[in-house]
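Residue-level structural notes
Below are the chains, spelled out letter by letter.
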Amino acid sequence: MKQLTGKTKNNIAVFISGRGSNLKSLIKYSKLKKSKFRIKLVVSSKKGANGLLHAKKNKINYFVSNYKIKKNPEKKILLLLKKEKVKIICLAGFMKILSPNFINRFKGKILNIHPSLLPKYKGLNTHEKAINNRDKYSGFTIHIVNKKLDSGKIVFQKKIKIFNSDNAKLLENKIRKQENKYYPVVLDKLLN
Ligand code: GRF
């Protein structure tokens, strides 16, 4: 089968705010010959985000948007996305809410990874909620971003068993490992 060359890969951007383990795994996968995407831009809502190290190390353009100071932080981001001809945006731990205008501009082209089995546990502290409610399973969801928080069309879900010995931290780590494994693969499949 004909392999995609660098030229035919889809340009994507990854938005982060923290650790960046999903960014790291997306970068790793993007370097495979078979991958259908390449990362052209990393956007961080936090200056010191650890994930930025992965962008720097891999010489990927990055932009830190200071949401606290900027009146319209998305203006510059939109310009950069245009410049880099970005077709798909992957949110990976991005802790800011995108405006309806922004979402409209990339309608159906923004993916998010959320650490629960949506529609259960939208928002924050999903692992604590799953543990406190004595759920038997948790997991993660990859979905299209729409204007409502954690509510867009689900494209992939992975169920993970919760053991009695699990606490929120252990569960978080277990789920994140699986997120890292699946996010690039699911994205790649969607680009088919
Ligand atoms: C992940 O658990 C993801 O589900 C959530 O934020 C976390 C980001 O982790 N949206 P990382 O920064 O990719 O390590």
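See the structure printed just above.
Here the residue numbers are simple positions, counted from 1 along each chain's written sequence. With the structure being a predicted model, the display of local features is reserved for residues of pLDDT at least 70 and the display and counting of side-chain atom pairs for 80 or more, all residues being used for whole-chain, interface and lining totals. As a rule here, side-chain values come from all non-hydrogen atoms in the structure, and water together with hydrogens is ignored.

**Some thoughts on the site of the ligand**
Distances are taken per atom, and a residue is near a molecule or strand as soon as one of its heavy atoms is within 4 Å of it. Contacts to the ligand come from Arg-19, Gly-20, Ser-21, Asn-22, Gly-93, Ile-113, His-114, Pro-115, Arg-176 and Glu-179. N or O atoms closer than or at 3.5 Å make up a polar contact, with two conditions inside protein: a donor-capable atom paired with an acceptor-capable one, and, for residues adjacent in sequence, both atoms drawn from side chains. Within the backbone of Gly-20, one N or O atom sits 2.7 Å away from an oxygen atom of the ligand. At a separation of 3.5 Å, an oxygen atom of the ligand approaches a polar backbone atom of Pro-115. Contact with the protein chains hides 86% of the accessible area of the ligand, taken as 370 Å² for the molecule alone. Residue burial considers only the protein chains on display, and all accessible areas are found by Shrake-Rupley using a 1.4 Å probe.

**Digging into the sheet that holds strand β2 (residues 37–44)**
Strands were regarded as paired on the criterion that DSSP finds at least two bridges between them. Runs of E in the DSSP output that reach at least two residues are strands. Runs of H or I that reach at least four are helices, and both are numbered from the N terminus. Read across the sheet, seven strands follow the order β3-β2-β1-β4-β5-β6-β7 without closing on themselves; strand pairing throughout is mixed. At either end of the open sheet lies a strand with only one pairing partner, and these are β3 (62–64) and β7 (154–161). Adjacent strand axes in the sheet meet at a mean angle of 20 degrees when their direction is disregarded. Relative to β7, strand β6 (residues 137–144) runs antiparallel, the two being bridged by seven bridges. When the sheet's bridge partners are listed, Gly-139 is paired in β7 with Lys-159. Its contacts with the sheet place helix α6 (residues 168–190) against β1 (10–16), β2, β4 (88–91), β5 (110–114), β6 and β7, and it is angled at close to 150 degrees to β7. As a rule, the C-alpha atoms of each element are fitted with a line to give its axis, helices using only the stretch in contact, and angles between N-to-C directions run from 0 to 180 degrees. Contact criterion: two residues are considered in contact whenever any of their non-hydrogen atoms come within 4.5 Å of each other.

**Brief notes about the pairing of β5**
Exposed residues in this analysis have more than 50% of their type's maximum accessible area, buried residues have under 20%, and partly exposed residues fall in between, with area computed by a 1.4 Å probe over protein chains only. Judged by how many residues are buried, β5 sits mostly within the fold: five of five residues are covered. Of the two faces of β5, the one holding Ile-110, Asn-112 and His-114 and the one holding Leu-111 and Ile-113 are both buried throughout. With three bridges joining them, β4 and β5 adopt parallel strand pairing. Bridging across to β5, Cys-90 finds its partner in Leu-111. A crossover links β4 with its parallel partner β5, the connecting element being helix α4 (residues 100–105), and its sense is right-handed. By convention a crossover is right-handed if, when the strands point away from the viewer, the path from the first strand over the helix to the second runs clockwise.

**Considering helix α3 (residues 73–83)**
Among the residues making up α3, those that are buried are Pro-73, Glu-74, Ile-77, Leu-78, Leu-80 and Leu-81. All buried residues of α3 project into a common sector of 165 degrees when viewed along the axis, lining one side. When the buried face of α3 is taken as reference, the exposed residues oriented beyond 90 degrees from it are Lys-75, Leu-79, Lys-82 and Lys-83. In this structure, the buried side of α3 is in contact with β1, β2, β3, β4 and α4. Lys-85 sits one or two residues past α3 and shows a positive phi near 50 degrees. Arc, as used here, means the arc of the directions from the helix axis to the C-beta atoms.

**Examining the pattern of salt bridges**
Should a side-chain nitrogen of Lys or Arg be within 4 Å of a carboxyl oxygen of Asp or Glu, the pair is scored as a salt bridge. According to the stated counting rule, one finds seven salt bridges in the structure shown. The closest approach of N and O atoms between Glu-172 and Arg-19, which form a salt bridge, is 3.4 Å. With Glu-172 in helix α6 and Arg-19 in the loop between β1 and α1 (21–30), this residue pair connects regions lying 153 residues apart in the sequence. Taking the relative accessible area as the measure of exposure, Glu-172 reaches 21% and is therefore partly exposed. Owing to a relative accessible area of 41%, Arg-19 belongs among the partly exposed residues under this scheme.

**Things to note about the packing of α1 against α6**
The contact between α1 and α6 brings their axes to 9 Å, and the two run at 45 degrees. Here α1 is positioned oblique relative to α6, judged by the angle of their axes. The element α1 and its partner α6 pack so that their crossing is right-handed. For the pair α1 and α6, the contacting residues are Ser-21, Asn-22, Ser-25, Leu-26 and Tyr-29 in the first and Arg-176, Glu-179, Asn-180, Tyr-183, Pro-184, Val-185, Leu-187 and Asp-188 in the second. Its residues assigned to classes, the contact of α1 with α6 comprises six nonpolar, four polar and three charged. Reported orientations rely on four angle classes, namely roughly parallel under 35 degrees, roughly antiparallel over 145, roughly perpendicular from 65 to 115, and oblique for the rest. Handedness of a crossing follows from how the near helix is turned relative to the far one, being left-handed for an anticlockwise turn of less than a right angle and right-handed for a clockwise one. In the scheme used here, Gly and all other residues not listed as nonpolar or charged are polar, with Ala, Val, Leu, Ile, Met, Phe, Trp, Tyr, Cys and Pro taken as nonpolar and Asp, Glu, Lys and Arg as charged.

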